[in-house]
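Structural description and commentary
Below are the chains, spelled out letter by letter.
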Amino acid sequence: MKLVKSLFVAAIIFPLASQAAEMDAGKLYEEHCLSCHGVGRLGGQGPALIPSVMKRLRKNSAIKVINEGRPATQMEGFADRLNKEQVDALIAYIYKPLAQVPTWSMAQIKDTHDVMVDPSTLPTTPQHKADPMNLFTVVEGGDHHVTILDGDKFEPLWRFATRFTLHGGAKYSPDGRFVYLATRDGWVSMHDLHNFETIAEVRVGINTRNIAVSADGKYVMAGNYLPHSLVVLNANDLTPVKYIPVADRKGNTSRVSAVYAAPPRDSFIVALKDIKEIWELSWDPNAEPVYGNFVHNYRKDQLEAIVEYEQPFGIRRIEVPDYMEDFFFDASYSEVIGAARNSKKGMVFNLDARRKAGDLELESMPHLGSGIYWKRGEQTLMATPHIKGGVVSVIDMDTWKTVKKIKTKGPGFFMRSHKNSPYAWVDVFFGPHKDLLHVIDKKTLEIVKTINPAPGKTNAHVEFTKNGSHVLVSVWEHDGALVVYDAKTFEEVKRIPMKKPVGKYNVYNKITYEEGTSH
């Protein structure tokens, strides 16, 4: 009888204990994770924390991330606030499948589409006196606003509120009139820089990575973490055009790491997180269709093949030997330099030949997405900061050999230059020297100046003006600032108060794909 009672009590207590542990984990999530990773673990400023998104992150690695944080992100470590039992409870909680993974269909996307102003009713010339090519879009993460800044007078012209999780990465129409913004929770918005009007917005996903604008100015493409999809929008007013599920031929789905526009190719290039492929999708309706794997005859006018995708937006799948999440392109966009997040090597892959063209020896995690290139005599050099280790790698783009490893005061995140400047600027984004920026001579490859705009603060994300005469640096704090420097003398010119200016993007440098600006 005692045994029966014990079993009965255990049958009641153990489920209750399990429920209590889950409730405690839920409370821990609400306290420490929800503000970045969103309600229901569906993502916000940070990625969604559900099994389908974390399938490449093992639980032991996830424990390390919770304890120590993650480089190149805003994920801080919690070892000083959470004990082992609490971390284990959180791990079990975030790896538990949702009862139902939410979808975000084309019908749902269309339901969110809102056109505030018909752009055809607005003047087609700037209704202000600033140079429209020298405007900056400044994303202020501290209070969720965007400021449009005059790049000649360094004065704000327009400031408007944004949705909560705007991360940066402003993209422009080819003529510079419109700026497009995307939030981590899927909202894409369109703003008129001639008339200072918000034109339209639409929600393309639940957790979105970034957007790109086609060189013909007709389309915006968004890449999503959740759901695993690409969404094509009409660039005139963000009307949804096409929904593209992201999966390989076996049905394995993938998050989208990033979407890029490749003007010389008239196509979007897509970096994928979970499958070893690069995708190329042409925006040109007259481009060649995409053929299946079996092509019997490639001769002109004698092509014998099965069409897999018509254009535009046919998926050209390019299989690669390893994951390529972080991209850098050569000027022709025929070669892509990429690396997986946990890789110590970069890979050069030719998109036309569809094969590897070389390896890059990189001793620690590079941030290729912030890489730049320039001409030094007959050489074309690229340079990338490293998220782990205080070094900038300089590489010859003809031989893909490392020319020099420039030692810095710590890991960097952003690097910028300009064709009219003999210098490249790189921040020290992580560690005790996060307040420093180095200025590197592009000929000698030596650090010629170290600048500290705000001691003890995070100083980061350099951007040049249209003509390269001035440099803008962010004091990356809630009560922060944009600090303007003379690009030749390195003297401070002006300091403009801003609420955590996480990024700033010059119209001219972006739409001309200026060599010193990441694309």
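What counts, and at which threshold
Residues numbered from 1 in each chain as written. Predicted model: local features only at pLDDT ≥ 70, side-chain atom pairs only at ≥ 80, totals over all residues. Heavy atoms only, no water. Pairing = 2+ DSSP bridges. Helix = DSSP H or I, 4+ residues; strand = E, 2+ residues; numbered from the N terminus. Core = buried A, V, L, I, M, F, W, Y, C linked by side-chain atoms within 4.5 Å. Buried < 20%, exposed > 50% of the residue type's maximum accessible area, 1.4 Å probe, protein only. Contact = heavy atoms within 4.5 Å. Axes fitted to C-alpha atoms, helices over the stretch in contact; angles between N-to-C directions. Parallel < 35°, antiparallel > 145°, perpendicular 65-115°, else oblique. Left-handed = near helix turned anticlockwise from the far one by under 90°. Arc of directions from axis to C-beta. Polar contact = N/O pair within 3.5 Å; in protein donor to acceptor, adjacent residues only side chain to side chain. Salt bridge = Lys/Arg side-chain N within 4 Å of Asp/Glu carboxyl O. pLDDT = per-residue confidence, 0-100.

**So, the sheet that holds strand β27 (residues 415–416)**
Read from one edge of the open sheet, four strands run β27-β28-β29-β30, paired in antiparallel fashion. Each edge of the open sheet is held by one strand with a lone partner, namely β27 and β30 (447–451).

**Quick word on the pairing of strand β23 (residues 372–376)**
Looking at chain direction, β23 and strand β24 (residues 379–385) are connected through five bridges and run antiparallel. The partner of I372 across the bridge, within β24, is A383. The hairpin turn running from β23 into β24, its antiparallel successor, is two residues long, and G377 in that turn takes a positive phi close to 65°.

**Structural notes on the nonpolar core**
Counting residues in hydrophobic clusters, the biggest one holds 27 residues, and the most contacted among them are Y180, V188, V220, L233 and L238. The set of elements that each furnish at least two residues to this core consists of α5 (106–112), β6 (178–182), β7 (187–192), β8 (197–203), β9 (207–213), β10 (219–226) and β11 (229–234). In contact with V188, other than residues within four places in its own chain, are L181, A182, A200, E201, V202, V204, I211, L233 and L238. Counting residues in hydrophobic clusters, the runner-up holds 25 residues, among them V139, W158, L193 and W476.

**What to know about the packing of helix α3 (residues 59–68) against helix α4 (residues 84–94)**
Put simply, α3 and α4 touch, their axes get as near as 10 Å, and they point 125° apart. Here α4 runs oblique to α3, going by the angle between their axes. In this structure, the crossing between α3 and α4 has a hand that is right-handed. For the pair α3 and α4, the contacting residues are K59, A62, I63, I66 and N67 in the first and V87, D88, L90 and I91 in the second.

**Structural notes on α4**
Residues of α4 that are buried: V87, L90, I91 and I94. On an axial view of α4, the arc spanned by its buried residues comes to 100°, and they lie on one face. The opening residue of α4, the one whose side-chain oxygen lies 3.1 Å from the backbone nitrogen of E85, is N83.

**Side note on the sheet that holds strand β31 (residues 459–464)**
Pairing is antiparallel in the open sheet, where four strands are placed in the order β31-β32-β33-β34. Across the chains shown, the open sheet's two edge strands, defined by having one partner strand only, are β31 and β34 (492–498). On average, adjacent strands in this sheet sit at an angle of 20° to one another, irrespective of strand direction.

**Describing the pairing of β11**
Burial within β11 is extensive, with five of its six residues counted as buried. Here β10 pairs with β11 via five bridges, running antiparallel. Residue V220 lies in a different strand from β11, and its bridge partner there is L233. Counting the residues between successive antiparallel strands, the hairpin from β10 to β11 contains two residues. Relative to strand β12 (residues 240–245), β11 is paired through five bridges, and the arrangement is antiparallel. Across the sheet, L230 pairs through a bridge with I244, a residue of β12. The antiparallel pairing of β11 with β12 creates a hairpin that spans five residues between the two strands, and L238 there sits at a positive phi of about 70°.

**As for the pattern of salt bridges**
Inspection of the entire model under this criterion finds 18 salt bridges. The shortest N-O distance in the salt bridge between D80 and R81 comes to 3.1 Å. Overall, the relative accessible area of 63% leaves D80 in the exposed class. Looking at R81, the relative accessible area reads 37%, which means it is partly exposed. A cluster of three or more residues bridged by salt bridges with shared partners is formed by R265, E280, R316 and D352.

**Description of the confidence of the model for the protein chain**
Taken as a whole, the protein chain shows an average pLDDT of 89; of its residues, 90% reach a score of 70 or greater. The model gives residues 1–21 a pLDDT under 50, and that stretch makes one contact with residues more than four places away or in other chains.

**Digging into the side chain of T165**
Relative to the assigned elements, T165 resides in the loop between β4 (155–161) and β5 (171–172). A polar contact of 2.8 Å, which involves the side chain of T165, links it to the side chain of D185.

**Some words on α3**
Within the span of α3, buried status applies to A62, V65 and I66. For α3, the angular spread of the buried residues around the axis is 95°, confining them to a single face. In α3, the exposed residues that point more than 90 degrees away from the buried face are N60, K64 and E68. Of the surrounding secondary structure, the elements contacted by the buried residues of α3 are α4. Following α3 by one or two positions, G69 adopts a phi angle in the positive range, close to 85°.

**Observations concerning the side chain of S474**
Secondary-structure assignment places S474 in strand β32 (residues 470–475). With a relative accessible area of 0%, S474 lands in the buried category. The contact partners of S474, leaving out residues within four places of it in the chain, are T458, N459, A460, H461, A481, L482, P501 and K504.

**Let's talk about unusual backbone geometry**
The omega angle of the peptide bond from L226 to P227 is -10°, so this bond is cis rather than trans. By the secondary structure assignment, P227 is in the loop between β10 and β11. With an omega of 0°, the peptide bond running from Q311 to P312 counts as cis. The phi dihedral of L238 is positive, around 70°, even though this residue is not glycine. Along the polypeptide, L238 turns up in the loop between β11 and β12. Classification of L238 as buried rests on a relative accessible area of 0%. One non-glycine residue, R354, lies in the positive phi region at around 60°. Within the secondary structure layout, R354 lies in the loop between β21 (345–350) and β22 (355–361).

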